[in-house]
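Chain by chain, the residues:
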Amino acid sequence: PLLAQSDQQQTRQLVKELKQLTDQAERDRSANYRFIDQLRDLTSRYDAPWRKQVLFDDFRDGELMRNPHWQGNTNHFRTTRSGSLRSRLEINRQPLDQTKPRQTTEEAILGLLLEGVREPTDSRVERQPAIDRADLFTATQISNAFAITIEFSQRGIDRDGGFEWGPYQGRDRNSGYRIAYEAGDRPAIKVIRYRSGMSAVIDRYDQKALLADGRLHKISWLRGNNGVMTIQVDGKQIIRIRDRGYRDPFSGFMMTNRGGDYAIGSVSVFAEAR
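Residues numbered from 1 in each chain as written. Predicted model: local features only at pLDDT ≥ 70, side-chain atom pairs only at ≥ 80, totals over all residues. Heavy atoms only, no water.

### Examining the overall build of the protein chain
Step number 1: Each helix and strand counted, the protein chain has four helices and 15 strands in total.
Step number 2: Within the protein chain, residue pairs in contact and separated by at least 24 positions form 67% of the contacts whose partners lie at least 6 positions apart.
Step number 3: In the form shown here, the protein chain has an accessible surface area of approximately 17,100 Å², with 48% of it arising from carbon and sulfur atoms. (Helix = DSSP H or I, 4+ residues; strand = E, 2+ residues; numbered from the N terminus. Contact = heavy atoms within 4.5 Å. Areas by Shrake-Rupley, 256 points an atom, 1.4 Å probe, with all protein chains shown as cover.)

Now the structure itself:
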């Protein structure tokens, strides 16, 4: 064990020095960018800065208020007896002008005349406001380099829905990175960067059917200090991209249902130990 720990320390020191040399070469422009990118890819394979678990929930305790404390649209997220999290959101995408037939002038006048003689129960009926997303989030300090693992599956078939998860910045939670599962005839997994509510798709994978077989799939998302991010589904890498749009830590982790029926078996987030 002591030898293994010593080897780990030497590896970390070697990676640290190699990163410093690469940064210096980039500043001095003493090497071409292709070679610098190759060096960064090499160091990212051995650089694992995420060693501190800052979030874990397998939902087996049956509640969302403690360890950790989840907030948001909790009525659209519920724990199940089997020990998982279920999120279902039905979205009415029917155009407003098609929700009811148009009235003639005579019908409109008749409706006004009858307004005062309707049954009292009609005035007490409350309509639930339509929503196009449901969020669930929890505050926790996540370093710029992180490792996020989620067990996820699509339960229902919604051709227009989707589900997102990732770290956010700020109290308004509209900045940060997200992994987005996009349902439909050609399902896809996307990496999205949000900034003040504006979104940009960094990369996407849509080569074959994904996650719609009803089984839980393990999706791992690693981000190194150099901005290199990799996405793996059940151990198979599907995306590798570098983005340095964010260099500061994140404020928490969130999940967003944009329509559909999904199950989450567990959520785990590791951050850099400081």
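### Here's the deal with unusual backbone geometry
Step number 1: Each neighbour pair has its own omega, and for Asn 67 with Pro 68 the value is 0°, a cis peptide bond.
Step number 2: Relative to the helices and strands, Pro 68 is located in the loop between strand E1 (50-57) and strand E2 (71-72).
Step number 3: Among the structural elements, Asn 67 can be located in the loop between E1 and E2.
Step number 4: Note on Asn 67: relative accessible area 70%, which makes it exposed.
Step number 5: Positioned with a positive phi, Arg 173 is a non-glycine residue whose angle comes to about 60°. (Buried < 20%, exposed > 50% of the residue type's maximum accessible area, 1.4 Å probe, protein only.)

### Brief notes about the sheet that holds strand E9 (residues 188-195)
Step number 1: Taken together, seven strands build an open sheet; the order of strands is E2-E5-E14-E7-E8-E9-E10 and the sheet is antiparallel. The outermost strands of the open sheet, each flanked by one partner alone, are E2 and strand E10 (198-205).
Step number 2: As paired elements, strand E5 (residues 134-142) and strand E14 (residues 250-257) share seven bridges and run antiparallel to each other. If you follow Leu 136 over to E14, its bridge partner there is Met 255. (Pairing = 2+ DSSP bridges.)

### Considering the environment of Leu 211
Step number 1: For Leu 211, the position within the fold is in the loop between E10 and strand E11 (217-223).
Step number 2: What makes Leu 211 buried here is its relative accessible area of 4%.
Step number 3: Put simply, Leu 211 and Ala 188 are 23 residues apart on the chain and 9.6 Å apart in space, counted from C-alpha to C-alpha.
Step number 4: Excluding residues within four positions of it along the chain, Leu 211 makes contact with Phe 152, Ser 153, Gln 154, Tyr 181, Ile 189, His 217, Ile 219 and Val 233.

### Thoughts on the nonpolar core
Step number 1: Counting residues in each nonpolar core, the largest one holds 42 residues, and the members touching the most others are Phe 152, Trp 165, Phe 253 and Met 255.
Step number 2: Looking at this core element by element, the count peaks at five residues for strand E15 (residues 260-272).
Step number 3: Not counting residues within four places of it along the chain, the set of residues in contact with Phe 152 comprises Phe 163, Trp 165, Tyr 181, Leu 211, Arg 215, Leu 216, His 217, Ile 219, Tyr 262, Ala 263 and Ile 264. (Core = buried A, V, L, I, M, F, W, Y, C linked by side-chain atoms within 4.5 Å.)

### Quick look at the side chain of Ser 87
Step number 1: Considering the arrangement of structural elements, one finds Ser 87 in strand E4 (residues 85-89).
Step number 2: In this structure Ser 87 comes out as buried when scored by relative accessible area, which is 0%.
Step number 3: Here Asn 257 takes part through its side chain, which lies 2.9 Å from a polar atom of the side chain of Ser 87.
Step number 4: What Ser 87 contacts, discounting residues up to four positions off in sequence, is His 76, Phe 77, Phe 163, Asn 257, Gly 260, Asp 261 and Tyr 262. (Polar contact = N/O pair within 3.5 Å; in protein donor to acceptor, adjacent residues only side chain to side chain.)

### Some details on the environment of Leu 136
Step number 1: Tracing the backbone through its elements, the reader meets Leu 136 in strand E5.
Step number 2: The class of Leu 136 is buried, set by a relative accessible area of 0%.
Step number 3: Separated by 72 residues in sequence, Leu 136 and Leu 64 have C-alpha atoms that sit 9.7 Å apart.

### Notes on the side chain of Ser 84
Step number 1: Following the sequence through the fold, Ser 84 ends up in the loop between strand E3 (77-79) and E4.
Step number 2: Using a relative accessible area of 11% as the deciding quantity, one classes Ser 84 as buried.
Step number 3: There is a polar contact of 2.9 Å between the side chain of Ser 84 and the side chain of Thr 80.
Step number 4: In this structure Ser 84 touches Asp 58, Phe 59, Arg 78, Thr 79, Ile 264 and Gly 265, once residues within four positions along its chain are discounted.

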